[in-house]
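Analysis of the macromolecular model
Okay, here's what each chain looks like letter by letter:
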Amino acid sequence: MKNNLPYRVLLYYKYVNISDHEIYAKHHLKFCTALGVKGRIIIAGEGINGTLSGTKDQTDAYIYAIKMDPRFQKMEFKIDEADGHVFKKLYVRPKKEIVTLNLEEDIDPNQLTGKHLRPADFLQAMNNEDVVIIDARNDYEYDLGHFRNAIRPDVRNFKEFPQWVRENKERFEGKKILAYCTGGIRCEKFSGLLLKEGLGDVNQLKGGIINYSKDPQTRGSMFEGKCYVFDERISVDINFAEGYTMVGRCYHCGKPHDRYVNCAHLSCHFQFICCEE
């Protein structure tokens, strides 16, 4: 693990009512600009979802200031260290949802969500029989790294999950479901979606893969490959228990590799694993 580097990366979210979210987003942008942090922050009526980078002083000031708002006093931050900024710019944008499902009746995780499992409990549950481990991220994130024996959903973005769940839920009936994502935010809604579709024993990894990696009891155990992140790092190491196991394969030749590249065509946003050859 990296220690004592000059910059920090904050990953955080909170499902909480923000009735004036467009006005709040404007004020938040001014505050972040003055502070000097960079990153992507989404603000909606249902809450806030952010990843930003800055120096230790800048990120400490951000955490202190945002927790002065009663709505965010209990918000948890996943903190990583970095050599410098992991974003080139700062974006603070008001949107309809902080993670997009596009349901006619949206899911409020404060009312409907799966049981939160601490990392140690999640690890123990993964070793049990008759459990289903579901990756609640996009397919290209799974391809770079995932928990051992986890199901790879055939979805390119989060809003495709409702259809995927409806088409596959019979496979999971009567089984203990373990869902996970990068930092926990998507699982809050995904696990609620599973419950809404009639599945019973639905559980989610509290704090996601990032928190699981940093927990002293688990240290990323049973995670294979690297974790995809939506910043200039592209990926981060997770398994500090058994060590790194490459699971990625080159899109063109199939050789083991873990380098993600963007398609060279300007009209295409397709990302894929590609070796140097």
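Residues numbered from 1 in each chain as written. Predicted model: local features only at pLDDT ≥ 70, side-chain atom pairs only at ≥ 80, totals over all residues. Heavy atoms only, no water.

Moving on: the overall build of the protein chain. A tally of helices and strands in the protein chain yields seven helices and 15 strands. In terms of overall size, the protein chain behaves like a compact globule, its C-alpha atoms giving a radius of gyration of 19 Å where 277 residues would be expected to give roughly 19 Å. In terms of overall dimensions, the protein chain has a C-alpha envelope of 50 × 45 × 45 Å along the principal axes. Residue burial in the protein chain is summarised as follows: out of 277 residues, 50% are buried. In the form shown here, the protein chain has an accessible surface area of approximately 14100 Å², with 47% of it arising from carbon and sulfur atoms. The average position of the 40 basic charges and that of the 39 acidic charges among the side chains of the protein chain differ by 4 Å. (Helix = DSSP H or I, 4+ residues; strand = E, 2+ residues; numbered from the N terminus. Rg over C-alpha atoms; globule rule 2.2 N^0.38 Å. Buried < 20%, exposed > 50% of the residue type's maximum accessible area, 1.4 Å probe, protein only. Areas by Shrake-Rupley, 256 points an atom, 1.4 Å probe, with all protein chains shown as cover. Lys, Arg positive; Asp, Glu negative; His and termini not counted. Charge placed at Lys NZ, Arg CZ, Asp CG, Glu CD.)

What follows is about the environment of Leu10. By secondary structure assignment, the location of Leu10 is in strand E1 (residues 7–15). It is 6.2 Å that separates the C-alpha atoms of Leu10 and Ser53, two residues lying 43 residues apart in sequence. Once residues within four sequence positions are removed from consideration, Leu10 is found in contact with Gly50, Thr51, Leu52, Thr59, Tyr62, Ile63, Phe77, Lys78 and Ile79. (Contact = heavy atoms within 4.5 Å.)

Compared with an ideal rise of 1.5 Å per residue, which puts 15 residues at 21 Å, helix H1 (residues 21–35) spans 20 Å between its outermost C-alpha atoms and is within 8% of the ideal. Those residues of H1 lying buried are His21, Tyr24, Ala25, His28, Cys32 and Leu35. Across the axial projection of H1, the buried residues extend over an arc of 100 degrees, all falling on one side. Structural note: H1 exposes Glu22, Ile23, Lys26, His27, Lys30, Thr33 and Ala34 on the side pointing more than 90 degrees away from its buried face. At its buried positions, H1 is contacted by strand E2 (38–44), strand E3 (47–55), helix H2 (56–66) and strand E5 (90–94). (Expected span 1.5 Å × (residues − 1). Arc of directions from axis to C-beta.)

Another aspect to go through is the pairing of E2. Across seven bridges, E2 lies against E3 in antiparallel orientation. Residue pairing for E3: Ile41 is matched across the bridge by Gly50. With antiparallel pairing between neighbouring strands as the criterion, E2 and E3 make up a hairpin whose turn holds two residues. (Pairing = 2+ DSSP bridges.)

Moving on, we come to the state of the cysteines. Here the structure, examined in full by the defined rule, presents zero disulfides. Considering cysteine sulfurs only, Cys181 is the nearest to Cys227, which forms no disulfide, with 9.3 Å between them. Owing to a relative accessible area of 0%, Cys227 belongs among the buried residues under this scheme. (Disulfide = S-S within 2.5 Å.)

Even without a glycine there, the phi angle at Asn149 is positive, about 70 degrees. Look at Asn149 and you get exposed, because its relative accessible area is 65%. With a phi angle near 75 degrees, Met222 is a residue other than glycine that sits in the positive phi range. Along the chain, Met222 falls in the loop between helix H7 (208–214) and strand E11 (223–225).

Summarising the element assignment, Cys253 is placed in the loop between strand E13 (235–236) and strand E14 (260–262). Residues Cys253 and Glu277 lie 24 residues apart in sequence; the distance between their C-alpha atoms is 8.8 Å.

The end-to-end C-alpha distance of helix H6 (residues 185–196), which contains 12 residues, comes to 17 Å, matching closely the 16 Å that a straight helix rising 1.5 Å per residue would cover. Burial of H6 is extensive: 10 of the 12 residues sit out of reach of the surface. All of the buried residues along H6 are Ile185, Arg186, Cys187, Glu188, Lys189, Phe190, Ser191, Gly192, Leu193 and Leu194.

Look at helix H5 (residues 161–168) against H6: their axes get within 10 Å of each other, and the N-to-C directions meet at 40 degrees. In terms of axis orientation, H5 runs oblique to H6. Handedness of the H5/H6 crossing: right-handed. Together, Phe161, Pro162, Trp164 and Val165 of H5 and Phe190, Leu193 and Leu194 of H6 make up the contact between the two elements. A breakdown of the residues in the contact of H5 with H6 according to their chemical character gives seven nonpolar, no polar and no charged. (Axes fitted to C-alpha atoms, helices over the stretch in contact; angles between N-to-C directions. Parallel < 35°, antiparallel > 145°, perpendicular 65-115°, else oblique. Left-handed = near helix turned anticlockwise from the far one by under 90°. Nonpolar A, V, L, I, M, F, W, Y, C, P; charged D, E, K, R; others polar.)

Attention now goes to the packing of aromatic side chains. Going through the model one piece at a time under the given rule, you end up with 16 aromatic pairs. For the pair Tyr228 and Phe230, a centre-to-centre distance of 5.0 Å together with 75 degrees between the ring planes defines the contact as edge-to-face. With a relative accessible area of 42%, Phe230 lands in the partly exposed category. The ring of Tyr244 is capped by Lys226, whose NZ or CZ atom sits 5.4 Å from the centre of that ring. (Phe/Tyr/Trp six-rings, centres within 6.5 Å; stacked < 30°, edge-to-face > 60°. Lys NZ or Arg CZ within 6 Å of the ring centre and 35° of its normal.)

One key point about sheets: their strands pair by backbone hydrogen bonds, in either a parallel or an antiparallel sense. Here four strands make up an open sheet; going across it, the order is E6-E10-E9-E7 and the pairing parallel. The open sheet is flanked by strand E6 (115–117) and strand E7 (131–135), the only strands paired with a single partner. Pairwise comparison of adjacent strand axes, ignoring direction, gives a mean angle of 30 degrees for this sheet. Here strand E9 (residues 176–180) runs beside strand E10 (residues 202–205); their pairing, made up of three bridges, is parallel.

Geometric values such as these leave the question of function open.
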